[in-house]
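Working through the structure, step by step
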Amino acid sequence: MAQLWGGRFTKETDQLVYNFNASISFDQKFYKQDIEGSIAHVRMLGKQGILTQEEMQAIVSCLQEILADVESGKLAITSEYEDIHSFVEANLIDRLGDTGKKLHTGRSRNDQVALDMRLYTRQQVLETDELLEQLLQVLLRIMKENTQTIMPGFTHLQKAQPITLAHHMGAYFEMFKRDRSRMHDIYERMNYCPLGSGALAGTTYPLDREYTAELLGFYGPTLNSMDGVSDRDYLIEYLSAMATIMMHLSRFSEEIIIWNSNEYKFVEIDDAYSTGSSIMPQKKNPDIAELVRGKTGRVYGALMSLLTTMKGIPLAYNKDMQEDKELSFDAIDTTKGCIALFTGMLDTMKFNKDVMRKSAAHGFTNATDAADYLVNHGVPFRDAHGIIGRIVLYCLDKQMPIDDMSLEELKQFSPVFEEDVYDAISMETCVNKRLTIVPPGKEAMEKVIALEKEYLAEEKVNVETTLKSEIDVKKRLTEFKQLLSSQKMLTEFDRTVFESIVEKIIVGGVNSDGEIDPAMLTIIFKTGETQNKDGKQFKSKRKNAKLESDELCPQNCDEDKKLYSQGIDNTRGVCSFARKSLEPLNER
């Protein structure tokens, strides 16, 4: 039994207890995230001087070797380890000896597993978003090709009014577009790093959590260590979003199953996405659509399971949270698999356009337009409604659509009918005279398709790339704040970057000793944060702040001697940051 604890215990864990407690059978799924998180943690420990550079380099190299060995199959993850964390650390120690034992310095399994799950989920969110984008591309293609493919629209599963296939597909486009926006929202809220939260109360080591967050592509660190180790909101949100995706897929699948039936024959599913019967040779079953519909309940179950697990847990971490993984992993795999299969099925599906049009015509879907015709000729709507109702009964008895009635037959029900009624109630007129942005008319649909195409073009740069620019800005903010808090020179910091992150600088104030300090700087960032710099750092011996070649910049920039001696900075003889800092004094 490879465990990361045991010193306080006097005997071995019972095997049944060990098996019940162990999670290696499922948390091995994020071995890569565990190693990546460990590498970032160790780099930070080296940067902070908690580990020597030699120790840091040795551990990082060894972790990279372990990752390569796992991915090549050379190193197997087995049940002798309690969890993925003990697997990684035990193998590190086996290879590196005592140096490997320093990996866990300043870290708990609580914040470690919180990080692993967050890294894994973040990647799955990006992959789900990409799959949705592929589905939307297929839908948009079908919409473009079918702006004039007339079919019946339904309410209560009864034919209601004529629409186009483009309009029907457009409804699902909107659903899956909203699903993508949920992926974006989840990413935004979850992209903060819990590493450094420790077991629940942080650590006494001087960790640089912003640096670790930056290395792992997060916006920054989480702001409360208890919440950091016990937060699973992001996973609940992701499961909820996946449940909604599956609900949309299930609705769509239900329609395809109906349309594929012999009674409708609206579509023909490609052989590659159909199955047959072991006894009935004529059968061609829509099994993919049926399985998507059926698997929706699995994803719902995962969501309800995690909500139920989390509802009674006090702060902070509790072992119950280990139950966040298995069903979530299953729900993620199920949802992604269903999106991919459904996209392929839809992309290869054949639409029987003539059958759709005939169904619309024989379903009295133009009855409302016939009533509107009477209203436009002076008949009160309630009377017109009754007249068309009687006409429908007549047509049912004669087994004919309204369009096939002669003018004489129509006049038996109302004398206001004239020849122009046939144009008014044709399928094309019923569809195309609806011209606002919502209805199915060709002109209106082309406007919608253009908007949807523009949306996909704007989203072509996927979530990861889009958010990378935001990470870069926050990374520069982190670097700027680190430089301000150190004694290093701020070299060539771009003015536009500076202006993008700093709201204003206030000169003068009261320092930490309670003294009025005219050279004190208060920097107010656009994020609302503030940072103070004691003016003592910026004071110079002379009013013009010019330094001799053997003097140091007020920022203690060792490099400044070289700059001055070479005449590179002959204006003041100081680095650009110190020069800016001294300007308020010079003005006095």
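Each remark here, short or long, concerns the structure printed above.
Residues numbered from 1 in each chain as written. Predicted model: local features only at pLDDT ≥ 70, side-chain atom pairs only at ≥ 80, totals over all residues. Heavy atoms only, no water.

1. Things to note about the overall build of the protein chain
Basically, it comes down to this: The numbering of helices and of strands both runs from the N terminus, where a helix is a DSSP run of H or I of at least 4 residues and a strand a run of E of at least 2. Only protein chains enter the calculation, and the probe is 1.4 Å; a residue is then buried if its accessible area is under 20% of its type maximum, exposed if over 50%, and partly exposed in between. Here, residues are in contact when the closest pair of their heavy atoms is within 4.5 Å. We get accessible surface area from the Shrake-Rupley algorithm with a probe of 1.4 Å; when it comes to residues, only the shown protein chains can shield them.
Helix and strand content of the protein chain: 23 helices and seven strands. Within the span of the protein chain, comprising 588 residues, buried residues form 48% of the whole. Of the contacts formed within the protein chain by residues at least 6 apart in sequence, a portion of 69% connects residues at least 24 apart. Just so you have it, the protein chain exposes about 29,000 Å², and 51% of that area is on carbon and sulfur atoms.

2. Quick look at the packing of aromatic side chains
So the rule is basically this: Working definition: rings of Phe, Tyr and Trp (its six-membered ring) pair if their centres are within 6.5 Å, and the pair is stacked with planes under 30 degrees apart, edge-to-face with planes over 60 apart, and tilted otherwise. A ring is considered to have a charge above it if a Lys NZ or an Arg CZ atom is located within 6 Å of its centre and within 35 degrees of its normal.
Enumeration according to the criterion identifies 13 aromatic pairs in this entry. A ring pair is formed by Tyr-81 and Phe-87, whose centres lie 5.2 Å apart and whose planes are at 85°; its orientation type is edge-to-face. In this structure, Tyr-81 and Phe-87 share a single accessibility class: buried. The interplanar angle of 80° and the centroid separation of 5.3 Å between the aromatic rings of Tyr-264 and Phe-266 together place this pair among those described as edge-to-face. The class for Tyr-264 is partly exposed, based on a relative accessible area of 23%. Among the aromatic residues, ring-to-ring pairing joins Phe-154, Trp-259, Tyr-264 and Phe-266 into one connected group. Over the ring of Phe-218 we find Arg-122; its NZ or CZ atom is 4.5 Å from the centre of that ring.

3. A word on the packing of helix α3 (residues 31-47) against helix α5 (residues 84-96)
Any two packed helices are characterised by how steeply their axes cross, that is the angle between the axes, and by the distance between the axes. For the record, the criterion: For helices, the fitted axis covers only the stretch in contact; all axes are lines through C-alpha atoms, and the angles between them, taken along N-to-C directions, range from 0 to 180 degrees. Oblique is the label for any angle not under 35 degrees, not over 145, and not in the 65 to 115 range, which are roughly parallel, roughly antiparallel and roughly perpendicular in turn. A clockwise turn of the near helix away from the far one marks a right-handed crossing, whereas an anticlockwise turn of less than a right angle marks a left-handed crossing.
At a minimum axis distance of 10 Å, the contact between α3 and α5 shows a crossing angle of 55°. If you check the angle between α3 and α5, you find them oblique. As α3 packs across α5, the resulting crossing turns out to be right-handed. On α5, the residues that touch Tyr-31, Asp-34 and Ile-35 of α3 are Ile-84, His-85 and Val-88.

4. Quick word on the nonpolar core
This is how the line gets drawn: Nonpolar core, defined: a set of buried Ala, Val, Leu, Ile, Met, Phe, Trp, Tyr and Cys residues in which side-chain atoms within 4.5 Å join the residues together.
Core analysis: the largest hydrophobic core is formed by 98 residues, its most contacted members being Phe-87, Leu-139, Phe-176, Leu-249, Phe-252 and Leu-346. Filtering out sequence-adjacent residues up to four positions away, Leu-139 remains in contact with Met-169, Tyr-172, Phe-173, Phe-176, Phe-252 and Leu-346. Membership of the second largest hydrophobic core comes to 22 residues, among which are Ala-367, Val-392, Ile-402 and Leu-410.

5. So, the side chain of Thr-334
Within the secondary structure layout, Thr-334 lies in helix α12 (residues 326-347). Residue class for Thr-334 comes out buried when judged on its relative accessible area of 9%. Excluding its chain neighbours within four sequence positions, the residues that come into contact with Thr-334 are Lys-295, Arg-298 and Val-299.

6. Structural notes on helix α4 (residues 53-72)
For clarity, the threshold we go by: Helix span, expected: 1.5 Å multiplied by one less than the number of residues in the helix.
In a regular helix each residue adds 1.5 Å, so 20 residues correspond to 28 Å; α4 covers 28 Å between its end C-alpha atoms and thus fits that length. On its buried face, α4 is in contact with α3 and α5. Just beyond α4, the residue with positive phi is Gly-73, at close to 90°.

7. A few points about helix α6 (residues 109-145)
Filter applied, for reference: Any pair of nitrogen or oxygen atoms within 3.5 Å is treated as a polar contact; in protein, a donor-acceptor pairing is required on top of that, and neighbouring residues in sequence qualify only through side-chain atoms on both sides.
Over its 37 residues, α6 extends 54 Å from the first C-alpha to the last, a length consistent with the 54 Å expected when each residue adds 1.5 Å. With 28 of 37 residues buried, α6 is to be regarded as a mostly interior element. Its side-chain oxygen 2.9 Å from the backbone nitrogen of Asn-110, Ser-108 forms the N-cap of α6.

8. A look at empty space enclosed by the protein
A water-sized probe rolled over the atoms picks out the places where empty space is left. What counts is decided by this rule: Points on a 1 Å grid over protein atoms alone make up a cavity when a 1.4 Å probe fits among them but cannot get out, and a pocket when they form an open set with protein on both sides within 12 Å along at least five of seven lines; lining residues each have an atom within 4 Å of a point. Grid points are joined across faces, edges and corners, and a volume is the space filled by probe spheres set on the points. Here the nonpolar group is Ala, Val, Leu, Ile, Met, Phe, Trp, Tyr, Cys and Pro; Asp, Glu, Lys and Arg are the charged ones; every other residue, Gly included, is treated as polar.
In the structure shown here, the tally under the stated rule is two cavities of 30 Å³ or more. Considered as a void within the structure, the largest cavity measures approximately 60 Å³ in volume. If you go around the largest cavity, the residues you meet are Phe-154, Leu-157, Glu-255, Ile-258, Trp-259 and Tyr-264. Counting residues per element, the lining of the largest cavity draws most heavily on helix α10 (residues 233-259), which supplies three residues. Partitioning the lining of the largest cavity into residue classes produces five nonpolar, no polar and one charged.

9. Quick notes on the pairing of strand β2 (residues 158-164)
Quick reminder of the rule: Should DSSP find at least two bridges between two strands, the strands are taken to pair.
Where strand β1 (residues 150-155) and β2 come together, six bridges link them in antiparallel fashion. Within the sheet, the bridge partner assigned to Met-151 lies in β2 and is Ile-163. The loop that links β1 with its antiparallel partner β2 comprises two residues; one of these, His-156, has a positive phi angle of about 55°.

10. A short note on a negative patch on the surface
Our working rule: Two joining distances apply to patches: 9 Å for like charges and 5 Å for nonpolar side chains (Val, Leu, Ile, Met, Phe, Trp, Tyr), and every residue must have over 30% relative accessible area and no salt bridge. One side-chain nitrogen of Lys or Arg within 4 Å of one carboxyl oxygen of Asp or Glu is enough to make a salt bridge. In this tally Asp and Glu are treated as negative and Lys and Arg as positive; neither His nor the chain ends contributes. To locate a charge, take atom NZ for lysine, CZ for arginine, CG for aspartate or CD for glutamate.
A surface patch of like charges, here negative, comprises Glu-408, Glu-419, Asp-420 and Asp-423. Looking at the secondary structure, you find Asp-420 in the loop between α16 (407-411) and α17 (421-424). Relative accessible area serves as the criterion here: at 40%, Asp-420 is assigned to the partly exposed category.

11. Structural notes on the pattern of salt bridges
All told, the structure shown has 26 salt bridges when counted by the stated rule. Across the pair Arg-180 and Asp-129 runs a salt bridge whose closest N-O atoms are separated by 3.0 Å. Of this pair, Arg-180 sits in helix α7 (residues 165-190) while Asp-129 sits in helix α6; the two residues are 51 residues apart in sequence, bridging distant segments of the chain. Here Asp-129 falls in the buried class, since its relative accessible area comes to 1%. Arg-293 is the partner of Glu-254 in a salt bridge, and the nearest nitrogen-oxygen pair spans 2.4 Å. In this pair, Glu-254 sits in helix α10 while Arg-293 sits in helix α11 (residues 287-310), placing the two residues 39 residues apart along the sequence.

12. Overview of unusual backbone geometry
In this model, Leu-315 is joined to Ala-316 through a cis peptide bond whose omega is 5°. Within the fold, Ala-316 resides in the loop between α11 and α12. Unlike most non-glycine residues, Leu-157 shows phi in positive territory, near 60°. Looking at the secondary structure, you find Leu-157 in the loop between β1 and β2. The class for Leu-157 is exposed, based on a relative accessible area of 57%. With a phi close to 55°, Phe-364 is a non-glycine residue in the positive phi region.

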